[in-house]
Amino acid sequence: MKAIISTFNAMLLCLAVRPSQSFSPSSSTKPASHHTWLLKAAPKEALSDIVIPNVFNFGGVTISSEDLAEEDPRVWVPQTDCLSFRPLCFCTSQGYYVNLLKFKGGGILGRHRHSSPVHAFTLKGGWGYLEHDWHADAGTYVFEPPGETHTLIVDEGCDEMVTLFHVTGSLLYVDEDTDGIIGFDDVFSKLEKAKKWYAECGLGEDYVQQFVR
């Protein structure tokens, strides 16, 4: 019995020591094949990462000529004459989307209600909600709790406003007089708008698939 316990303890010690020895920065020994799974970022069934370079040019940040060459204004999906969005992630499996919202020359996003939380980070310009007294300048983070109903107003005289929004669930457009629901947006409606625009502008409908998870 003692021999069995001793052997078992030796096996545990071996398992505990080998990974640290194999992955020591000072060691030139290649890791054993049965430990190589530790080097993988995710299992093969996991969804792939989304990595989009040069999403936004912060002032004073040097951008390589290669990244500049990859810029294409057609990635921005127009919603109105002054409003467009750039998709970053359409998570159809969890019901949220992440996009950059851009207003040119001011503007208003009509009164709407959120069924789920929203996160926003202002990159350029300034904006606020008619129903609140706070103001979001560049660098401002905003959390919007579920149940919020508000009207987005871009600063008067603002040449361009760009804000990153992470929106979960539905954005329900509300009639200002009756409070009735007159429209909605969610990950699927935004996805359809992007597919339609990319087909029209020449990028191709499938261009949007890189953002879908």
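Quantities reported herein were computed from a predicted structural model and do not represent experimental measurements.

S.K.: Just to check I follow, could you spell out the environment of Asn54 for this structure?
M.R.: Looking at the element boundaries, Asn54 is found in the loop between helix 1 (2-22) and helix 2 (65-70). Assessed through its relative accessible area of 16%, Asn54 is described here as buried. Placed 17 residues apart in sequence, Asn54 and Glu71 show a C-alpha to C-alpha distance of 7.7 Å.

S.K.: Got a minute to help me understand the packing of aromatic side chains in this structure?
M.R.: Note on aromatic pairs: each is described by the distance of the centres and the angle between the planes. Counted by the stated rule, this structure contains 6 aromatic pairs. Pairing Trp127 with Tyr129 gives two aromatic rings, centres 5.2 Å apart and planes at 75°, and the pair type is edge-to-face. Each member of the pair Trp127 and Tyr129 is classed as buried. Here Trp127 and Phe165 contribute two aromatic rings whose centre-to-centre distance is 5.6 Å and whose plane-to-plane angle is 55°, an arrangement assigned as tilted. Taken as a pair, Trp127 in strand 6 (residues 127-129) and Phe165 in strand 9 (residues 160-168) lie far apart in primary sequence, 38 residues in all. On the basis of relative accessible area, Trp127 is assigned to the buried category, the value being 0%. Feature note: the residues Trp127, Tyr129, Trp134 and Phe165 constitute an aromatic cluster, connected by ring pairs. Taking NZ or CZ as reference, Lys102 lies 3.9 Å from the ring centre of Trp76, over its face.

S.K.: Mind showing me how you'd approach the pattern of salt bridges here?
M.R.: Any two side chains of opposite charge can pair if their charged atoms end up close together. Counted under the stated rule, the structure contains 6 salt bridges. Put simply, Arg111 and Asp179 hold a salt bridge, and the shortest N to O gap is 2.6 Å. In this pair, Arg111 is assigned in strand 4 (residues 108-114) and Asp179 in the loop between strand 10 (171-174) and strand 11 (181-185), connecting sequence segments 68 residues apart. Judged by its relative accessible area of 47%, Asp179 is partly exposed. With its nearest N and O atoms 2.9 Å apart, the salt bridge here joins Lys124 to Glu160. On the criterion of sequence distance, the pair formed by Lys124 in strand 5 (residues 118-124) and Glu160 in strand 9 is long-range, its members being 36 residues apart.

S.K.: I'm lost on the environment of Lys102 in this one. Help?
M.R.: Topologically, Lys102 is positioned in strand 3 (residues 96-104). Since its relative accessible area comes to 13%, Lys102 is described here as buried. The sequence separation of Lys102 and Leu123 amounts to 21 residues, and the corresponding C-alpha distance is 9.9 Å. Setting aside residues no more than four positions away along its own chain, Lys102 makes contact with Trp76, Cys82, Leu83, Ser84, Glu160, Met161 and Val162.

S.K.: Any chance you could explain the pairing of strand 8 (residues 149-154) here in plain terms?
M.R.: Relative to strand 8, strand 4 runs antiparallel, the two being bridged by 4 bridges. Within the sheet, the bridge partner assigned to Leu109 lies in strand 8 and is Leu152. Relative to strand 8, strand 6 is paired through 3 bridges, and the arrangement is antiparallel. Paired with Gly128 across the two strands is Ile153, which belongs to strand 8.

Criteria and cut-off values
Residues numbered from 1 in each chain as written. Predicted model: local features only at pLDDT ≥ 70, side-chain atom pairs only at ≥ 80, totals over all residues. Heavy atoms only, no water. Helix = DSSP H or I, 4+ residues; strand = E, 2+ residues; numbered from the N terminus. Buried < 20%, exposed > 50% of the residue type's maximum accessible area, 1.4 Å probe, protein only. Phe/Tyr/Trp six-rings, centres within 6.5 Å; stacked < 30°, edge-to-face > 60°. Lys NZ or Arg CZ within 6 Å of the ring centre and 35° of its normal. Salt bridge = Lys/Arg side-chain N within 4 Å of Asp/Glu carboxyl O. Contact = heavy atoms within 4.5 Å. Pairing = 2+ DSSP bridges.

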